[in-house]
Amino acid sequence: MSTPKHPATRRQFLERSAKLTAASVAGGLALSRAVHAAGDDTIRVALIGCGGRGTGAAIECLNVPDRLKLVAVADAFQDAAERAADAIKKKHPDKTDLPAQRIFSGFDAFRRAIDCGVDLVLLCSPPGFRPEHYRLAIEAGKHVFMEKPVCVDAPGYRSVMKTNQLADQKKLKVVVGLNSRHTAPIIETMKRVHAGAIGPIQFLRAYGNNAGVWVRPRKPGQTEMEYQMRNWYYFVWLSGDLNVEQHVHALDVANWAMGDQHPIEANGMGGRQVRKGPQYGHIFDHHVVEYTYPGGVKLFSQCRHIPGCWPAGGVYVHGLKGMATGGTIEGANPWKFSGKFVGGHQQEHFDLIKVIRDNTPHNEGYYGADASMTAVLGRMATYSGQVVRWDDAVAHGPNEMPERLAWDAKPPVLPGPDGGHEHAVAMPGVYKAW
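Thresholds, definitions, all that
- One numbering rule holds for all chains: residues counted from 1, following each sequence as written.
- Note on the predicted model: pLDDT of at least 70 is required for a residue's local features to be given, and 80 or more for side-chain atom pairs to be given and counted; whole-chain, interface and lining totals, by contrast, use all residues.
- Hydrogens and waters are ignored; side-chain quantities use all the structure's heavy atoms.
- In this text, helices come from DSSP runs of H or I with a minimum length of four residues, and strands from runs of E with a minimum of two, each type numbered from the N-terminal end.
- Relative accessible area decides the class of each residue, using a 1.4 Å probe on protein chains only: under 20% of the type maximum gives buried, over 50% gives exposed, and in between gives partly exposed.
- We call two residues contacting when some pair of their heavy atoms lies within 4.5 Å.
- Here Asp and Glu are counted as negative and Lys and Arg as positive; His is not counted, and neither are the chain ends.
- For charged residues, the charge sits on one atom: NZ in Lys, CZ in Arg, CG in Asp, CD in Glu.
- Inter-axis angles, ranging from 0 to 180 degrees, are taken between N-to-C directions of lines fitted to C-alpha atoms, where helices are fitted over the stretch in contact.
- Three residue categories are used. Nonpolar comprises Ala, Val, Leu, Ile, Met, Phe, Trp, Tyr, Cys and Pro, charged comprises Asp, Glu, Lys and Arg, and polar comprises the others, including Gly.
- A pair of strands is treated as paired once DSSP finds two or more bridges between them.
- We call two directions roughly parallel when the angle between them is under 35 degrees, roughly antiparallel when it is over 145, roughly perpendicular when it lies between 65 and 115, and oblique otherwise.
- Each residue gets a pLDDT score, which is the predictor's confidence in that residue and runs from 0 to 100.
- Here is the rule: rings of Phe, Tyr and Trp (six-membered ring for Trp) pair when centre to centre is within 6.5 Å. Planes less than 30 degrees apart are stacked, more than 60 are edge-to-face, and the remainder are tilted.
- The criterion is that NZ of a Lys, or CZ of an Arg, lies within 6 Å of the ring centre and within 35 degrees of the ring normal, and then a charge sits over that ring.
- Defined by distance alone, a disulfide is two cysteine sulfur atoms within 2.5 Å.
- As used in this record, nonpolar core signifies buried Ala, Val, Leu, Ile, Met, Phe, Trp, Tyr and Cys residues forming a set joined through side-chain atoms within 4.5 Å.
- Salt bridge, as used here: a side-chain nitrogen of Lys or Arg that lies within 4 Å of a carboxyl oxygen of Asp or Glu.

### Describing the overall build of the protein
Move 1: Check the secondary structure of the protein and you find 15 helices and 15 strands.
Move 2: In terms of its C-alpha atoms, the protein occupies a principal-axis envelope of roughly 60 × 55 × 45 Å.
Move 3: Considering the protein as a whole, with its 434 residues, one finds that 56% of them fall into the buried category.
Move 4: In the protein, of all internal contacts separated by at least 6 residues, the share reaching a separation of at least 24 is 76%.
Move 5: Treating the 50 positive side-chain charges of the protein as one cloud and the 42 negative ones as another, the clouds have centres 3 Å apart.

Written out as structure tokens, the structure reads:
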């Protein structure tokens, strides 16, 4: 797949970066040569973020039949880092080299993992941390796999876009865990959509409705910071809310169908109907958003985490001549995918290692950032109850991150008298997008 370009932004970056030192730019070039060296050309990997998805991503990376070695793992929590190390060792004993001194924990664990002689980092911490982790990895000259979403707010989006440009300058390879982009039936469907199989796109529908995800109750002795990080999905500064953390996959596919354009505005509604109580932080349990793309094409999007309701997932692209979804096209040019394929979660790692070995330009950070900001735009619209324009949201959207990261630091949202965070749930008509 071709990498989407942002020529105007890139030109601006080059102008701002005229003073970039030759040594800094050479970092990525030296790495590319190192992994093709006549001697030890093993790609050394570090995992940052050791939850279930991070552990899975590391195993999938090491599944690639190549000279790979996992040499560091890092997580805010020591138990998570050790648990991931053990699980990965069991799957790939011959591809792990994880002595105790390279099992890092704490808020600075990611820095130590990046700095221990690795070539590739897997960024799988809660997405609120992604922009800083990505920036540090690219500045250090590392190739990157980063899970979706890549930001939870507008400052994070701006940071990721700037880092994308630095990655291009350093010739580093970046893959984002939007696995639909690496799934053969969807890739083939998109090729046909873009070739006109369904005619001009009239509107799109995106669904992400299911029962919900895990809950991690508060335990005695936890600081508020530790509790929120353990139960990270339910806090905006860490997850971005359901529309961002979960629904970003569908929103990315919609942007892809539209030629890698992002919406220019959004309006919507949402709320917290069922998922109430102190264990659910302060996020919504449903969002319904109408996005508008350049030229006026609409995307009708809904996501919901409420048990017992209609389950639905996927993206439907409606054109004058038919409709496309997944590996199927209906209408004037019917088609159904019939080939063999590897699941996208695995294929994205095959693709990443290939572009590293071949030294092929590849940076998925641009569409990863646009998809994540599309989701943030939708959240800003549902929280506020107002029409929110992309340019305004990117320029003025608030910073959701805490001022300081430490176990005794205060998160952006503190519990009320009942020990919960219901008082902090956004109220449409009262909440201000910025």
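### Observations regarding the packing of helix α8 (residues 184-194) against helix α12 (residues 248-257)
Move 1: Where α8 meets α12, the axes come as close as 10 Å, and the angle between the chain directions of the two elements is 35°. Contacts between α8 and α12 pair Ile186, Ile187, Met190 and His194 from the former with Val253, Trp256 and Ala257 from the latter.
Move 2: The class makeup of the residues in the contact of α8 with α12 is six nonpolar, one polar and no charged.

### So, the sheet that holds strand β11 (residues 312-319)
Move 1: Read from one edge to the other, the open sheet built from nine strands follows the order β14-β13-β12-β11-β7-β10-β9-β8-β15, with strand pairing classed as mixed. Strands with a single pairing partner mark the edges of an open sheet, and in this sheet they are β14 (335-336) and β15 (388-389).
Move 2: Summarising the sheet, strand β9 (residues 286-292) and strand β10 (residues 298-305) pair through seven bridges and their orientation is antiparallel. Note on β10: the bridge partner recorded for Tyr291 is Leu299.
Move 3: Running over the sheet, α12 touches β7 (201-210), β9, β10 and β11 and is turned about 170° from β7.

### Overview of unusual backbone geometry
Move 1: Looking along the chain, the bond that leaves Lys148 and enters Pro149 is cis, with omega of -25°.
Move 2: One can find Pro149 in the loop between β5 (143-146) and α7 (154-170).
Move 3: Phi is positive for Lys171, close to 60°, though the residue is something other than glycine.
Move 4: Along the polypeptide, Lys171 turns up in the loop between α7 and β6 (174-176).

### So, the packing of α7 against helix α14 (residues 365-384)
Move 1: With their axes 9 Å apart at the nearest point, α7 and α14 run at an angle of 175° to one another. With respect to α14, the element α7 is oriented roughly antiparallel. Here α7 contributes Ala154, Tyr157, Val160, Met161, Asn164, Gln165 and Asp168 to the contact with α14, which in turn contributes Gly365, Tyr366, Ala369, Asp370 and Met373.
Move 2: The class makeup of the residues in the contact of α7 with α14 is seven nonpolar, three polar and two charged.

### Thoughts on the confidence of the model for the protein
Move 1: Across the protein, pLDDT averages 92, with 91% of residues at or above 70.
Move 2: Counted against residues more than four places away or in other chains, residues 1-39, with its pLDDT under 50, gives 53 contacts.

### Remarks on the packing of aromatic side chains
Any aromatic ring pair is given by two values, namely how distant the centres are and how the planes are angled relative to each other.
Move 1: Applying the stated criterion to the full structure yields 18 aromatic pairs.
Move 2: Aromatic pair Trp214 and Tyr233: ring centres 6.2 Å apart, planes at 65°, arrangement edge-to-face. Here Trp214 is found in the loop between β7 and α9 (224-230), whereas its partner Tyr233 is found in the loop between α9 and α10 (236-239), with 19 residues between them in sequence.
Move 3: Using a relative accessible area of 1% as the deciding quantity, one classes Tyr233 as buried.
Move 4: With 5.3 Å between their ring centres and 85° between their planes, Tyr383 and Tyr431 make a pair best called edge-to-face. Within this pair, whereas Tyr383 is found in helix α14, its partner Tyr431 is found in the segment after α15 (390-396), the two being separated by 48 residues in sequence.
Move 5: By relative accessible area, Tyr383 is classed as buried at 3%.
Move 6: Aromatic rings pair up to connect Trp214, Trp232, Tyr233, Tyr234 and Tyr280 into one cluster.
Move 7: For Arg181, the ring lying beneath its charged end belongs to Tyr367, and the centroid distance is 3.6 Å.

### What about the environment of Gly319?
Move 1: Within the fold, Gly319 resides in strand β11.
Move 2: Each C-alpha atom, one on Gly319 and one on Ile201, is 4.1 Å from the other, the two residues being 118 residues apart in sequence.

### Points about the side chain of Glu245
Move 1: Relative to the elements of secondary structure, Glu245 occurs in helix α11 (residues 242-245).
Move 2: Residue Glu245 is classed as buried on the basis of its relative accessible area, which comes to 7%.
Move 3: Leaving out residues up to four positions away in the same chain, Glu245 has contacts with Pro127, Lys148, Pro149, Trp232, Tyr233 and Ser239.

### Focus: the state of the cysteines
Move 1: The final tally for this structure, using the stated rule, is zero disulfides.
Move 2: Between Cys50, a free cysteine, and Cys124, which holds the nearest cysteine sulfur, the sulfur-to-sulfur gap is 8.6 Å.
Move 3: Cys151 forms no disulfide, and the closest cysteine sulfur to it belongs to Cys303, at a distance of 16 Å.

### Things to note about α8
Move 1: Those residues of α8 that fall on the buried side of the exposure criterion are Pro185, Ile186, Ile187, Thr189, Met190 and Val193.
Move 2: Looking at the buried residues of α8, the elements they touch are β7, α12, β12 (322-325), β13 (328-331) and β14.
Move 3: Just past α8, the residue Gly196 takes up positive phi, approximately 100°.

### Here we look at the nonpolar core
Move 1: Formed by 75 residues in total, the largest nonpolar core has its most connected members in Val121, Tyr134, Ile201 and Leu204.
Move 2: Sequence-distant contacts of Ile201, that is, excluding residues within four places in its chain, are made with Val193, Ala257, Met258, Val297, Val317, His318 and Gly319.
Move 3: With 52 residues, the next largest nonpolar core counts Leu47, Leu122, Phe235 and Leu242 among its residues.

### Thoughts on the pattern of salt bridges
Move 1: Overall, the coordinates contain 25 salt bridges when judged by the stated rule.
Move 2: The closest approach of N and O atoms between Arg111 and Glu132, which form a salt bridge, is 3.2 Å. One end of the pair, Arg111, is in helix α5 (residues 109-114); the other, Glu132, is in helix α6 (residues 130-139), with 21 residues separating them in the sequence.
Move 3: Judged by relative accessible area, which is 29%, Glu132 ranks as partly exposed.
Move 4: Arg181 is the salt-bridge partner of Asp252, the closest N and O atoms lying 2.8 Å from each other. Pair noted here: Asp252 is in helix α12 and Arg181 is in the loop between β6 and α8, with a separation of 71 residues, a long-range link.
Move 5: Assessed through its relative accessible area of 0%, Asp252 is described here as buried.
Move 6: Overlapping salt bridges, with partners in common, bring together Asp41, Asp66, Arg67 and Arg357 in one network.

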